[in-house]
Amino acid sequence: MDYSKAEAKRAARDRFTGLWAAITVPFGAGGGIDAAALRADLDRLTGDLAIDGVFSGGVMSEFWALSGAERRRLTEVVVGRVRGRCPVLAHTGQHSAEETIALTRHAEAAGADFAVVINPYYPPASDEGLYRWFAHVCASVDIGVWLFDTGYSGVALSTGLIRRLATIENVCGIKVGRPHDRYLELLAAVGDTILVCSPHEETWLENMRDHGQRVYMSSAAPYLYQTPGRQPMREYTALALGGDIARAEKVAATLDPVRAVAGKWLQGRPRQIDNIISIKAWAGLVGMSGGAVRPPLVSHTRAELEELAADRGPAGLRAG
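Report on the accompanying structure. (Residues numbered from 1 in each chain as written. Predicted model: local features only at pLDDT ≥ 70, side-chain atom pairs only at ≥ 80, totals over all residues. Heavy atoms only, no water.)

**Thoughts on the layout of surface pockets**
Logical step 1: Roughly 510 Å³ of internal volume is contained in the largest pocket.
Logical step 2: Put simply, the parts of the chain that give the lining of the largest pocket at least two residues each are strand E5 (145–150), strand E6 (171–177), strand E8 (215–219), helix H9 (221–224) and helix H13 (275–285).
Logical step 3: A per-element tally of the lining of the largest pocket places E8 first, with 3 residues.
Logical step 4: Per-class residue counts for the lining of the largest pocket are 15 nonpolar, 8 polar and 5 charged. (1 Å grid on protein atoms, 1.4 Å probe; cavity = no way out; pocket = protein on both sides within 12 Å on 5 of 7 lines; lining within 4 Å. Points joined across faces, edges and corners; volume = space filled by probe spheres on them. Helix = DSSP H or I, 4+ residues; strand = E, 2+ residues; numbered from the N terminus. Nonpolar A, V, L, I, M, F, W, Y, C, P; charged D, E, K, R; others polar.)

If you want it as structure tokens, here you go:
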């Protein structure tokens, strides 16, 4: 971390650009984190796929299923592997404020560039209670902190609360994992104070074109929708950020078959959390580690894997 606490907001605006990927965590035969497979995934992301940043330890990483020691180890492996290649945003949220502080201080010491903190979602709390929780966490760390308003948590942060949190010195961004109208609402409410970003690829071009966005923060799309030999998301992002919207729209349209597969296997799940099962399975089919999820999630059956592989065919997705 090479910025002061008072500089966190400016540092975030300077450094969050391009495509950021939210990584999964591979588990080995014994059930623990497979560090070698994780490093191989990171090499692919920062090498052939040329992603601009890594979001580590979040929902895609099954953070709720990792022990505190595993979460610390994950941050260390990620930062150690990508240092000098791209920045790291490490998720450090936990229900306990003191454990969140400890995880955040560890991420800072390990070399993460910024931290992201999901709100405690049990027990249910008032806006005032949540504000005090975040204020205590942020006052206890120096690193820049992102908020994470997501439907996965079952608790929505109110607009009024987000306005208050945005004024905290080292709160510098919010990832809005909710429908597009909610992203637009928060962009209007706090976009002049902190970065407001969406993880939805289907609106990313619009966000660049119409709302001045410069960072895709973040999902599995950069490695599910692309392979080393075919990178339409990177191509249309570069075109749009360079001002060539017409060409960007043509390239983005080539992803429609892929979005149809995602509509079935990711957005179409009866329970939102189950899309992580399909994300890991899909990742394994396109050259990433993929692999099993941890209980209480349940990995796909062989028949489901075969169906997913068959659906990918018409979309033009091949491993590589």
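Still more ground to cover, so stick around.
**Things to note about the packing of helix H4 (residues 97–110) against helix H5 (residues 127–139)**
The axes of two packed helices give the description: the angle between them and the distance between them.
Logical step 1: The geometry of H4 relative to H5 is characterised by a closest axis approach of 9 Å and an angle of 30 degrees between their N-to-C directions. It follows from the interaxial angle that H4 and H5 lie roughly parallel. At the point where H4 passes H5, the crossing takes the right-handed sense. For the pair H4 and H5, contact is made by Ala97, Glu98, Thr100 and Ile101 and by Trp133, His136 and Val137, respectively.
Logical step 2: Class assignment for the residues of the contact of H4 with H5 results in 4 nonpolar, 2 polar and 1 charged. (Axes fitted to C-alpha atoms, helices over the stretch in contact; angles between N-to-C directions. Parallel < 35°, antiparallel > 145°, perpendicular 65-115°, else oblique. Left-handed = near helix turned anticlockwise from the far one by under 90°. Contact = heavy atoms within 4.5 Å.)

**Quick word on the sheet that holds E8**
Logical step 1: On the basis of which strands lie adjacent, the open sheet formed by 8 strands has the order E7-E6-E5-E4-E3-E2-E1-E8 and parallel pairing. With partners counted over all chains shown, the strands left at the sheet margins are strand E7 (195–197) and E8, one partner each. Shown here is a sheet whose adjacent strand axes are inclined to one another by a mean of 20 degrees, direction ignored.
Logical step 2: The sheet contact formed by strand E1 (residues 18–22) and strand E2 (residues 53–56) spans 3 bridges and is parallel. From the neighbouring strand, Trp20 faces E2, where its bridge partner is Gly53. (Pairing = 2+ DSSP bridges.)

**Some remarks on the packing of aromatic side chains**
Logical step 1: In the structure shown here, the tally under the stated rule is 9 aromatic pairs.
Logical step 2: Their ring planes at 50 degrees and their centres at 4.7 Å tell us that Phe16 and Trp146 sit as a pair that is tilted. Residue Phe16 is located in the loop between helix H1 (8–15) and E1, and its partner Trp146 is located in strand E5; the two are separated by 130 residues in the primary sequence.
Logical step 3: A centroid spacing of 5.1 Å and a plane angle of 85 degrees characterise the contact between Trp133 and Phe134, whose relative ring orientation is edge-to-face.
Logical step 4: Classification of Trp133 by relative accessible area gives buried; the value is 12%.
Logical step 5: An aromatic cluster of at least three residues, connected via ring pairs, comprises Tyr3, Phe16, Trp20, Phe114 and Trp146.
Logical step 6: Stacked on the ring of Tyr131, the Lys or Arg Arg164 has its end atom at 3.9 Å from the ring centre.
Logical step 7: It is Lys175 that lies over the ring of Phe55; its NZ or CZ is 4.4 Å from the centre. (Phe/Tyr/Trp six-rings, centres within 6.5 Å; stacked < 30°, edge-to-face > 60°. Buried < 20%, exposed > 50% of the residue type's maximum accessible area, 1.4 Å probe, protein only. Lys NZ or Arg CZ within 6 Å of the ring centre and 35° of its normal.)

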